Amino acid sequence: ATGGAARVAPRVAAAMQDVYTSYVGREVPAHLRRTGGFQNMQSVESIAPAVGTTKGIGGVVEILKPKYGCLKGQRLRVIGERGGPTGMWQLEENKTVPKPHEKEGGWRWVLRREEAEDKSSETTGGKATGGVGFPAPPPAAPGVPVAPAAPAEASQA
């Protein structure tokens, strides 16, 4: 009796595996699908970055780390608050950020005047740098002429 059961088991297991691996379910009707597709999605680059004028409700926060169900660099408008000074800011898209995490580096306020300062420092090449990432040259002493840099070919001859 035990020998017959051993021969049947592999055939039953193979039949069950065949049923599960070859199953083709019915197509879900379009009106019951959970997603409408991605053809109408806007890319992140095409959306103008949000900028706020205040800190608090109506302001804009920028996410600095991939936390809170958001992406790094994502900007969301604050639409409410709850919990007092140690509570949460309620954001667009049904997201929340803890108020104390501003100091911990999870998010920051984006204000119009800070954006203007950032853009002006980009156009001038930065105040403390002499171009792209290089330190500024030391200031010349008054009354001392500045010699132009000699060409590399002249110094080799």
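Small disclaimer: the values here were computed from a predicted structure and weren't measured.

Undergrad: Hey, could you go over the pattern of salt bridges for me, with residue numbers and the actual values?
TA: By the definition in use, this model includes three salt bridges. Residue glutamate 62 is joined to arginine 75 by a salt bridge in which the shortest nitrogen-to-oxygen separation is 3.6 Å. Here glutamate 62 is found in strand 1 (residues 60-63), whereas its partner arginine 75 is found in strand 2 (residues 75-82), with 13 residues between them in sequence. Linking lysine 99 and glutamate 81 is a salt bridge whose minimum nitrogen-to-oxygen distance equals 2.4 Å. With a gap of 18 residues between them, lysine 99 in the loop between strand 4 (95-98) and helix 2 (101-104) and glutamate 81 in strand 2 connect regions that are remote in the sequence. The class of glutamate 81 is partly exposed, set by a relative accessible area of 41%. Within the structure, one salt-bridge network assembled from shared partners comprises Glu62, Arg75 and Arg108.

Undergrad: How would you explain the packing of aromatic side chains if you had to name every residue and give the values?
TA: This model, assessed by the stated rule, comprises two aromatic pairs. Ring geometry for tryptophan 89 and tryptophan 109: centres 5.5 Å apart, planes at 80°, overall edge-to-face. Pair noted here: tryptophan 89 is in strand 3 (residues 88-91) and tryptophan 109 is in strand 5 (residues 107-110), with a separation of 20 residues, a long-range link. When its relative accessible area of 11% is taken as the criterion, tryptophan 89 is described as buried. What makes tryptophan 109 buried here is its relative accessible area of 6%. Here tryptophan 107 and tryptophan 109 contribute two aromatic rings whose centre-to-centre distance is 5.2 Å and whose plane-to-plane angle is 85°, an arrangement assigned as edge-to-face. Tryptophan 109 shares its class with tryptophan 107; the two are buried. Counting every residue linked through ring pairs, the aromatic cluster contains Trp89, Trp107 and Trp109. Positioned above the aromatic ring of tryptophan 89 is the side chain of lysine 99, whose terminal nitrogen or guanidinium carbon lies 4.4 Å from the ring centre.

Undergrad: So, unusual backbone geometry: which residues are in play, and what are the values?
TA: The backbone phi angle of glutamate 93 is positive, close to 60°, even though this residue is not glycine. Of note in this structure, asparagine 94 is not a glycine but carries a positive phi near 60°. Secondary-structure assignment places asparagine 94 in the loop between strand 3 and strand 4.

Undergrad: Can you explain the confidence of the model for the protein? Please cite residues and give values.
TA: Per-residue pLDDT for the protein has a mean of 74; in total, 57% of the residues score no lower than 70. Across the protein, the element-wise mean pLDDT spans from 53 in helix 4 (residues 152-156) up to 91 in strand 3.

Undergrad: Before we move on, can you summarise the environment of valine 97 with the specific residues and values?
TA: In this fold, valine 97 is placed in strand 4. For valine 97, a relative accessible area of 0% corresponds to the buried category. Taking the C-alpha atoms as reference points, valine 97 and glycine 69, separated by 28 residues in sequence, lie 9.6 Å from one another. Once residues within four sequence positions are removed from consideration, valine 97 is found in contact with Ile63, Tyr68, Gly87, Met88, Trp89, Leu91 and Trp107.

Calculation rules
- Residues numbered from 1 in each chain as written.
- Predicted model: local features only at pLDDT ≥ 70, side-chain atom pairs only at ≥ 80, totals over all residues.
- Heavy atoms only, no water.
- Salt bridge = Lys/Arg side-chain N within 4 Å of Asp/Glu carboxyl O.
- Helix = DSSP H or I, 4+ residues; strand = E, 2+ residues; numbered from the N terminus.
- Buried < 20%, exposed > 50% of the residue type's maximum accessible area, 1.4 Å probe, protein only.
- Phe/Tyr/Trp six-rings, centres within 6.5 Å; stacked < 30°, edge-to-face > 60°.
- Lys NZ or Arg CZ within 6 Å of the ring centre and 35° of its normal.
- pLDDT = per-residue confidence, 0-100.
- Contact = heavy atoms within 4.5 Å.

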